[in-house]
Amino acid sequence: MPTVLYSVRPRSAGADNVSSHPPVNDLAIRVGTVNGSGSQSANLVLLRAINGMGIPCSGKNVFPSNIEGLPTWFHIRASGRGYVAHRLDTPVLVCMNEQTAADDVRQLRPGSLCFFRSDFKEDLAKLRDDITFFPVPFAPLAEEAFPPVPTDKGYRDKLRKVVNMVYVGVVATACGIEMEEVRTAIRREFPGRKAKAAEINILAAEAGAAWAAANLPMDLPFKVERLDVTTGQVLIEGNKAAALGVLFGGASVLTWYPITPSSSLAEYAEGYLKAHRTLPDGKRTFSVIQAEDELAAVGMAVGAGWAGARSITATSGPGISLMTEFVGLAYFAEIPVVIVDVQRMGPSTGLPTRTNQGDVVKLHYLGHGDCRQIVLIPGSVAECFAFTIEALDLAQDLQTPIFVATDLDLGMNLWLSEPFAYPEKPLSRGKVLDAKALDELGQFERYRDVDGDGVCYRTLPGTEHPLAAYFTRGTGHNEKSGYSERPEDWKRNLDRLALKLNGARAKLPAPVAEHDVGAKIGLIAYGSTHPAMTEARDLLRECGILSGYCRLRALPVSEEVSAFVGKYERVYVVEQNRDGQVCSLLRSSLEGTLDDRLISVTHYNGTPIAAENITNPILNWERTFSEHTTLTNGTGLPGESARGGDSSE
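Residues numbered from 1 in each chain as written. Predicted model: local features only at pLDDT ≥ 70, side-chain atom pairs only at ≥ 80, totals over all residues. Heavy atoms only, no water.

Let us look at the pattern of salt bridges. Here the structure, examined in full by the defined rule, presents 42 salt bridges. Of the charged contacts in the structure, one is a salt bridge between Asp89 and Arg87, with a shortest N-O distance of 2.9 Å. Each member of the pair, Asp89 together with Arg87, is buried. A network of salt bridges, in which partner residues are shared, links Glu514, Asp516, Arg537, Asp538 and Arg541. (Salt bridge = Lys/Arg side-chain N within 4 Å of Asp/Glu carboxyl O. Buried < 20%, exposed > 50% of the residue type's maximum accessible area, 1.4 Å probe, protein only.)

So, in structure tokens, the structure goes:
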């Protein structure tokens, strides 16, 4: 493997000039444009060209939730160290939207580069004298590459989109991105019948590159160089990975209602199912139903699960709220169903195109009364794939709803991953009795715990045996599934369901823990926070702070989490929600005084979490702790645990 080239960004206190050490393979690019301008293709070309050079990278789209013409930004991260989390100090800015250009420039650190349209009414170069500005004639360059076609009534609209590819060529030349990789990425973005459009866009990118070569200094500081360390890896969205999990997990019924940011998961899954589950005679071995609303979608999924299908639905926070009653029914009637929640900002309609982890505890307690649900929390696109498959099996094994909690950042953005492992385990059906088994047993009571694990045996509708039938009730019932309001029957059922949930802990994805020798602090996180946490731990080490790290992957949490907390003097729980939901959940479940060790660090402004959103509050806390121990001669932190506040502040 070639040597990984990088230089560390100056991120210690007071290091505010991002160009003090010209970085190689430590690049971040932010493109500010407008929704519906066709910029997405150009941004993906830049990202894929960097990936083609073998440099670890990621792309994040920050876009409006409503109409065309509103501001949108695309963030590209390239790191020889393999960091793929969001980065706050973007040193290269491309301004294509005059509406936001001034604000975008004000956010830059000194020493950054700014490329902007030369036809802006305002000269951005007058805003700051610590930024290097380059006005670029994007539109004229695009028109040179794609001359007017008098007979083409749609020419101007096409030209508006081709303009974006000019900045691809400019940025590629400025940052050392290989033009051959740019050409390859363009042809990938415009395949097959779009080949003519590909060649036009290649000409536009080459025009931008030629202008940059003639007009830009050769010693610009922010560069990438080929690494070839990502060979065989893929760039994929979490929603697409989960959709592959739907296919490989044997789902036979998918119900959904469109809601951002989960819609693409269902759309991808439908495409995969049609391609791979359609027989030669045209018959399909699956059913995909777009329902009239989320309530209908989950009702159909629960009904399909009752009928024996491996059923799944996908939604987001507002849809989860509508699904509550059906989820409670499935929990108490013990019907298998999988619900994928791609989380977004709330409350209410919230910000549909911003990311958040605000549904986690709601999912865990969703339903009425004494409900506790199982929640799988993937932290990578590979786990989006694997946990969707796992959820479909667990729903069958445990006869209960299983949630998969991702979020917009993980679900809709591109992440680098090793190819997914082909599932080795056969699909599980759980405790299902067929006619032969019923003959051998001679009796069947739907809600009797025969094995002592809280999981009862079930039959499927259509089983031809006189013992197979039973009533499915969401109301009180006894072991024979007969209606009952007897206190002892109700309590027996609730105790058995609790036994089932507690026993399930051993079957859920275990937390992943790492320990630095000599560390006094621990870190706990989950989901899409993981990439930022990996980088944050390195930054903390550079500041002399060692840490342990426990990544939660499921609720309810296992006993391993208590053991982890017990190892450290302080444990920071990092979350992307305001109220520190999982921190509160841990406080209520830890034994003794372990809960006093927890400190909540939260990030909830809707942007993807960055490493600095983790390190800054932790460094402040550690500084406070150090000062306090000095003043009190080593008596430690105050006795109460406090929240760290919004890490974005």
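Moving on: the domain arrangement of the chain. Each assigned domain of the chain is listed with its residue range as follows: domain 1 (10–215), domain 2 (236–417), domain 3 (435–505) and domain 4 (512–642). Distance from the C-alpha centre of domain 2 to the C-alpha centre of domain 3: 26 Å. Across the contact, 20 residues belong to domain 2 and 27 residues belong to domain 3. Of the roughly 1,800 Å² buried where domain 2 meets domain 3, counting both sides, 58% is carbon and sulfur surface. Taken as a group, Trp306, Phe332 and Glu334 account for 39% of the area that domain 2 buries against domain 3, more than any other trio of residues on that side. Linking domain 2 to domain 3 there are 2 salt bridges. Measuring nitrogen to oxygen at the nearest pair gives 2.9 Å for the salt bridge that ties Glu334 to Lys500. (Domains from an automatic or database assignment. Contact = heavy atoms within 4.5 Å. Buried area = accessible area lost by both parts, 1.4 Å probe.)

Relative orientation and spacing of two packed helices are given, respectively, by the angle between their axes and the distance between those axes. In contact at an axis separation of 8 Å, helix 3 (residues 138–145) and helix 4 (residues 155–175) are set at 110 degrees when each is read in the N-to-C sense. For the element pair helix 3 / helix 4, the angle class is roughly perpendicular. Contacts between helix 3 and helix 4 pair Phe138, Ala139, Leu141, Ala142 and Glu143 from the former with Tyr155, Arg156, Leu159, Val162, Val163, Val166, Tyr167 and Val170 from the latter. (Axes fitted to C-alpha atoms, helices over the stretch in contact; angles between N-to-C directions. Helix = DSSP H or I, 4+ residues; strand = E, 2+ residues; numbered from the N terminus. Parallel < 35°, antiparallel > 145°, perpendicular 65-115°, else oblique.)

What follows covers helix 11 (residues 324–333). The buried fraction of helix 11 is high, at 7 of 10 residues. Turning to helix 11, its buried residues number three or more, namely Thr324, Val327, Gly328, Ala330, Tyr331, Phe332 and Ala333. On its buried face, helix 11 is in contact with helix 9 (294–306), helix 10 (317–322), strand 11 (337–343), strand 13 (401–407) and helix 16 (487–504). Of the residues flanking the end of helix 11, it is Glu334, one or two places downstream, whose phi is positive at about 65 degrees.

In this structure the tally under the stated criterion is 10 aromatic pairs. Taking the centre distance of 4.9 Å and the plane angle of 15 degrees together, the rings of Phe385 and Phe420 count as stacked. Of this pair, Phe385 sits in helix 13 (residues 381–398) while Phe420 sits in the loop between strand 14 (414–417) and helix 15 (435–441), placing them 35 residues apart in sequence. Residue classification places Phe385 among the buried residues on the basis of a relative accessible area of 5%. Pairing Phe564 with Tyr568 gives two aromatic rings, centres 5.1 Å apart and planes at 50 degrees, and the pair type is tilted. The class for Phe564 is buried, based on a relative accessible area of 2%. Here Arg473 stacks its cationic end above the ring of Phe471, 4.9 Å away from the centre of that ring. Its end group placed over the ring of Phe625, Arg570 keeps NZ or CZ at 3.6 Å from the ring centre. (Phe/Tyr/Trp six-rings, centres within 6.5 Å; stacked < 30°, edge-to-face > 60°. Lys NZ or Arg CZ within 6 Å of the ring centre and 35° of its normal.)

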